[in-house]
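Results of the structural survey
Given next are the chains, with one letter for each unit.
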2 protein chains.
Amino acid sequence: MIEAEFIAALRRLPLHPGALGLADDVARLGEHILTTDTLVEGVHFLAGDPPDDVAWKLVATNLSDLAAKGARPEGVLLNYPLGADEWDRAFLAGLAAALAAFDCALLGGDTVSLPAGAPRVLTLTAIGADAMAPARSGAVPGDDLWVTGTIGDAGAGLAIARGAAGPATLLAAYRRPIPRVAEGRLLAPQVHAMMDVSDGLLIDAWRMAAASGCAVTIDLALVPLSADYRAFGGDALAAATAGDDYELLFAAAPDAPIPVPAARVGKFLAGKGLSLTEHGNAVPLPSRLGFEHRA
Amino acid sequence: MIEAEFIAALRRLPLHPGALGLADDVARLGEHILTTDTLVEGVHFLAGDPPDDVAWKLVATNLSDLAAKGARPEGVLLNYPLGADEWDRAFLAGLAAALAAFDCALLGGDTVSLPAGAPRVLTLTAIGADAMAPARSGAVPGDDLWVTGTIGDAGAGLAIARGAAGPATLLAAYRRPIPRVAEGRLLAPQVHAMMDVSDGLLIDAWRMAAASGCAVTIDLALVPLSADYRAFGGDALAAATAGDDYELLFAAAPDAPIPVPAARVGKFLAGKGLSLTEHGNAVPLPSRLGFEHRA
């Protein structure tokens, strides 16, 4: 079953009010929000990726969902498949580093054994408190579309992890993303809608527009690219469809103060769908806007 | 790495106060408690098990941890590996049945794809409210040890699932356990310590005694066995080491009112460790008290 079909079926089950119709990356439960992400070896990370980086990324991707809600990370639950000593020890080191870096604590979890040869499947559930951000459905026509940081570095880093030559900075963007927790808390009171860029700038902007019942247009010339990414030979369209950026994408009124470094990349309009320009000239949409099978 | 070693390493990470030192089956977070369990194909369920039963068991095992805390189930998060349509549809049917049966709602989750041929790895995280039960560490010398229901049925059911001849009732005990949610809420105010029997009566009683800093003795002649289990040819020692029962095990003062059907199977004593009797005569401990690799 494909993801969209499965989620449609889940929506016919008894849903908790805090499930928000399964239309968001988080669930709300009293004063807390919950998010969960599973990483699969061979799908979300490479078998040869350093285990400490896998741990870091598992924490970072979950905390990025909390960041998009302007929440303070409170704790995490870990579901871990026990394996080879060396891998487990390196994973624990990465987990310790990530929890320390993001000021987050372990709440609990579960360990299991896998059949011999099975790919690792790792789940982390993160709980945040004091979520201040609006839903991703709050953008209105006339809002500007903004994004923090630079886009495309992680996509280039994936190519480097697979064997391409390139700088360590790009590889680190892929393996050790930094969730924008502090930025999320500063932005939350100023924005109409916010989410993290996990599957690609274009597809995630399209999703925000769809959830908000409006259209969005992005100018590729405004997509922020790092000097390393440009030197690697990447272009804006590749960056905007690569995913794994874990930057914050947000809609804000033209006169809203933007309290963190960010780039204005587009505009929300009446209507629906995504359109692209480059220096103001129309550009056809690519056939693939980002990763569609990941939740 | 073995589970005990991994958990010892986790205890050296920053722990949330609600992690309860990773010594319990649940974590506490404000008014809520959290528990999470992962089921692995080929480890916790058989590849040929009906998918709707796998869904049921995934929900039931998690809610059993909430039951042991006297909590009211509030919602669940599901981490699901998408696969063949038929399996996914049957799983959804079982999930719907379990959520309806236990009056529980879906809060959210994540779907992933697995590499071809990889065993399914399913995680559910359950959140409960209003947990009224004490920790498993509260037993004191002089308390009686009690257990709800009957023990060993699921162990016999596993043998039947693997091909042995036997009644459907025992197979159902293995595939469709009923978490003792209502019993847990009634018992919570009366008990000194409570947990669910997931890995085996002996090992779980030993764990309760160890957490409580006392010894426990169990009389095998008092272990409650169903008529079907006896007819299947099972004995008390096999029952008490089989696991997967999801009954409630609890310590209570001799004069405490016990508001649900239950059997008194032993006694807490000063000292430490587990001892066995049968009709009052000492019985040597078996080499294996239950499943030790499962959390």
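Quantities reported herein were computed from a predicted structural model and do not represent experimental measurements.

What about the overall build of chain A?
Helices and strands together make up the secondary structure of chain A, namely nine helices and twelve strands. By the compact-globule yardstick of 19 Å for 295 residues, chain A fits well, its C-alpha radius of gyration being 19 Å. Taking the principal axes of its C-alpha atoms as reference, chain A extends roughly 55 × 50 × 40 Å. Across the 295 residues in chain A, those meeting the buried criterion constitute 59%. Contacts spanning at least 24 positions in sequence make up 83% of the contacts within chain A whose residues lie at least 6 apart. Total accessible area on chain A is roughly 10700 Å²; 56% of this is exposed by carbon and sulfur atoms. Treating the 21 positive side-chain charges of chain A as one cloud and the 34 negative ones as another, the clouds have centres 3 Å apart.

A short note on the relation of the copies chain B and chain A
The transform that puts chain B on chain A rotates by 180° and translates by 0.0 Å along the axis, for an RMSD of 0.0 Å. Both copies of the chain, as the preceding transformation shows, are related through a two-fold rotation axis. If distances are taken from each C-alpha of chain B to the rotation axis, the shortest is found for Ala118 of chain B, at 2.9 Å. Looking at the interface residues of chain B, 100% of them are also at the interface in chain A, so both copies use one shared face.

What about the UniProt feature "binding site: Mg(2+) 1" (unreviewed entry) in chain A?
Sites flagged by UniProt as "binding site: Mg(2+) 1" (unreviewed entry) map to Thr36, Asp37 and Asp110 of chain A. Take Thr36 of chain A: it is sitting in strand S2 (residues 32-40). Leave out the neighbours within four places in its chain, and Thr36 of chain A touches Asn62, Thr123, Leu124 and Thr125 of chain A together with Leu77, Asn79, Gly109 and Asp110 of chain B. A distance of 3.1 Å separates a polar atom in the side chain of Thr36 of chain A from the backbone oxygen of Leu124 of chain A. Checked against the element boundaries, Asp110 of chain A lands in strand S4 (residues 105-113).

Description of the pattern of salt bridges
The tally for this structure, following the rule as stated, stands at 32 salt bridges over all chains. In this structure, the salt-bridge partner of Glu74 of chain A is Arg72 of chain A, at a minimum N-O distance of 3.6 Å. For Arg72 of chain A, a relative accessible area of 38% translates into the label partly exposed. Of the charged contacts, one joins Arg176 of chain B and Asp52 of chain B as a salt bridge, the two residues approaching to 3.1 Å between their closest N and O atoms. With Arg176 of chain B in the loop between helix H5 (168-175) and helix H6 (181-187) and Asp52 of chain B in helix H2 (residues 51-67), this pair connects stretches of sequence that are 124 residues apart. For Arg176 of chain B, a relative accessible area of 25% puts it in the partly exposed group. Take Asp52 of chain B: its relative accessible area is 25%, and that puts it in the partly exposed class. By sharing partners, the salt bridges in this structure join Asp52, Asp53 and Arg176 of chain A into a single network.

Here we look at the UniProt feature "binding site: Mg(2+) 5" (unreviewed entry) in chain A
Residues and elements named next belong to chain A. Here the UniProt feature "binding site: Mg(2+) 5" (unreviewed entry) sits at Asp199. Tracing the backbone through its elements, the reader meets Asp199 in the loop between strand S7 (193-196) and helix H7 (201-212). On the accessibility criterion, Asp199 (2% relative accessible area) is buried.

Structural notes on the packing of helix H3 (residues 85-101) of chain A against helix H1 (residues 3-10) of chain B
The relative placement of two packed helices comes down to the angle between their axes together with the axis-to-axis distance. For the pair H3 of chain A and H1 of chain B, the least separation of the axes is 11 Å and the interaxial angle reads 20°. In terms of axis orientation, H3 of chain A runs roughly parallel to H1 of chain B. Crossing geometry of H3 of chain A relative to H1 of chain B is assigned as right-handed. Residue-level contacts link Asp88, Arg89, Leu92 and Leu95 of chain A of H3 of chain A to Glu5, Phe6, Ala9 and Leu10 of chain B of H1 of chain B. Of the residues in the contact of H3 of chain A with H1 of chain B, the class split is five nonpolar, no polar and three charged.

A word on the interface of chain B and chain A
Taken together, the 61 residues of chain B in the interface contact 61 residues of chain A. Summed over both sides, the interface between chain B and chain A buries roughly 5000 Å², with carbon and sulfur atoms accounting for 72% of that surface. Looking only at chain B, the three residues that lose the most surface to chain A are Met1, Phe6 and Leu107 of chain B, adding up to 14% of its buried area. Joining chain B to chain A, the criterion identifies zero salt bridges. Remark: the boundary between chain B and chain A carries 20 residue pairs in polar contact (both at pLDDT 80 or more). At nine residues, the largest contribution of residues to the side of chain B that touches chain A is made by strand S4 (residues 105-113) of chain B. Partitioning the side of chain B that touches chain A into residue classes produces 36 nonpolar, 15 polar and ten charged.

Conventions we followed
- Residues numbered from 1 in each chain as written.
- Chains lettered and ligands numbered in written order.
- Predicted model: local features only at pLDDT ≥ 70, side-chain atom pairs only at ≥ 80, totals over all residues.
- Heavy atoms only, no water.
- Helix = DSSP H or I, 4+ residues; strand = E, 2+ residues; numbered from the N terminus.
- Rg over C-alpha atoms; globule rule 2.2 N^0.38 Å.
- Buried < 20%, exposed > 50% of the residue type's maximum accessible area, 1.4 Å probe, protein only.
- Contact = heavy atoms within 4.5 Å.
- Areas by Shrake-Rupley, 256 points an atom, 1.4 Å probe, with all protein chains shown as cover.
- Lys, Arg positive; Asp, Glu negative; His and termini not counted.
- Charge placed at Lys NZ, Arg CZ, Asp CG, Glu CD.
- Least-squares fit on C-alpha atoms with pLDDT ≥ 70 in both.
- UniProt positions renumbered as here; feature names shortened; annotations may be inferred.
- Polar contact = N/O pair within 3.5 Å; in protein donor to acceptor, adjacent residues only side chain to side chain.
- Salt bridge = Lys/Arg side-chain N within 4 Å of Asp/Glu carboxyl O.
- Axes fitted to C-alpha atoms, helices over the stretch in contact; angles between N-to-C directions.
- Parallel < 35°, antiparallel > 145°, perpendicular 65-115°, else oblique.
- Left-handed = near helix turned anticlockwise from the far one by under 90°.
- Nonpolar A, V, L, I, M, F, W, Y, C, P; charged D, E, K, R; others polar.
- Buried area = accessible area lost by both parts, 1.4 Å probe.

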